[in-house]
Amino acid sequence: MLSRTADHLFWMSRYTERAENTARMLDVNYQTSLLPQSDAVAQVGWQGLLSISELTGAYTERYGAVTARNVMNFMVKDEQNPSSIVSCLGAARENARAVRGALTTEVWETQNQTWLEVKRMINSDVFAADPSQFFEWVKFRSHLSRGVTVGTMLMDEALHFMRLGTFLERADNTARLVDVKFHAVQSDFYGAANERDQEYDFYHWSAILRSVSAFEVYRKVYRDVIRPERVAELLMLKSDMPRSLHASLNEVVNNLVLVSSNPEGETLRRAGKLRAELKYGRIDEILATGLHAYLTQFLDRVNDLGSHISREFLVSNDG
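This report concerns the structure included in the present document.

The rules behind these values
- Residues numbered from 1 in each chain as written.
- Predicted model: local features only at pLDDT ≥ 70, side-chain atom pairs only at ≥ 80, totals over all residues.
- Heavy atoms only, no water.
- Buried < 20%, exposed > 50% of the residue type's maximum accessible area, 1.4 Å probe, protein only.
- Helix = DSSP H or I, 4+ residues; strand = E, 2+ residues; numbered from the N terminus.
- Arc of directions from axis to C-beta.
- Salt bridge = Lys/Arg side-chain N within 4 Å of Asp/Glu carboxyl O.
- Lys, Arg positive; Asp, Glu negative; His and termini not counted.
- Polar contact = N/O pair within 3.5 Å; in protein donor to acceptor, adjacent residues only side chain to side chain.
- Contact = heavy atoms within 4.5 Å.

1. Structural notes on helix α11 (residues 215-222)
Of all the positions in α11, only Phe215, Tyr218 and Tyr222 are classed as buried. Buried residues of α11 fall within an arc of 55° about the axis and therefore sit on the same side. Pointing more than 90 degrees away from the buried face of α11 are the exposed residues Glu216 and Lys220. Remark: Arg223 follows α11 within two positions and exhibits a positive phi of approximately 45°.

2. Some remarks on unusual backbone geometry
One non-glycine residue, Asp125, lies in the positive phi region at around 65°. Tracing the backbone through its elements, the reader meets Asp125 in the loop between α6 (105-123) and α7 (126-129). Judged by relative accessible area, which is 42%, Asp125 ranks as partly exposed. The phi torsion at Ser213 lies on the positive side, around 55°, for a residue other than glycine.

3. Quick notes on the environment of Glu157
Looking at where Glu157 falls in the secondary structure, it is placed in helix α9 (residues 157-184). Considering only alpha carbons, one finds Glu157 and Leu9, 148 residues apart in sequence, at a separation of 10.0 Å.

4. Structural notes on the pattern of salt bridges
The tally for this structure, following the rule as stated, stands at 24 salt bridges. The closest approach of N and O atoms between Arg146 and Glu20, which form a salt bridge, is 2.9 Å. Residue Arg146 is located in helix α8 (residues 131-152), and its partner Glu20 is located in helix α1 (residues 3-33); the two are separated by 126 residues in the primary sequence. In terms of burial, Arg146 and Glu20 fall into one category: buried. Residues Asp284 and Arg282 are paired through a salt bridge, measuring 3.0 Å at the closest nitrogen-oxygen approach. The structure contains a network of salt bridges with shared partners spanning Glu17, Glu20, Arg24, Arg146, Arg170 and Arg243.

5. Describing the side chain of Asp27
Structurally, Asp27 is set in helix α1. Of the side chains bearing the opposite charge, Lys139 lies closest to the buried Asp27, which forms no salt bridge; the N-O distance is 4.2 Å. Among the polar contacts made by the side chain of Asp27, one reaches the side chain of Ser132 at a distance of 2.8 Å. The contact partners of Asp27, leaving out residues within four places of it in the chain, are Ser132, Phe135, Glu136 and Lys139.

Here you go:
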């Protein structure tokens, strides 16, 4: 396969996944902001969103003070923000258009229709009228895109590069989410003594789980009150949790094996090593040595892995 074609397919999937992840985080933050809470707590939530996406500087430059309305506008419809939902869906569609011949009609039409529809919804203020409904729609279109891809594409290199893009992006996003949200808890890490803090902890951890569709999964796996260390374990180390770091790296390695001509190549070695650490890691050891340090290093390595994939298989631009 031409490296340029692989590059467009890889980034088409990354941008679609990024739009969905942004919608998930915004939706949970929006829902949480409707709960009784102080302005200061609400402010921390919106600042955390910008921090997760490394957009604090770009936001401040354009909008100044952090407000719920401005953060939502910046992360949903500001086309000057390359990570906004509209920008991501536009970039996904442009990458799809560039390799139209490599896609099935259903995959192309799904991408194209998503882009046309999101422009209509933004222009007609559907988003402003009901943000949660809009975020559900973005998630649904991403699910549809993945389903149509798996259901209609030939199981060849094109599909493998699309899957690579999806799961590399997902690993990056889940790591950011866990890192920032654990940092946001001001009370003692293992749950606070007083009742008010315990109640805040419950809503905080529930919100994190809901943002990655893991609330029911947590209940099924642990059958217990929501504890921070178990949230971290579920989202990082559980291979059967679809959005966990371990599950994402499993998919990255499996698809790399399918496109790699050299089973001992550096890209595959790095991906395999990262997966092995998640496979054999224990959450108590990670917490003992520092969750933030671990996740910061993980993000650096995922970014490095993306660079190696680009150098080995794709054209040299970074999307």
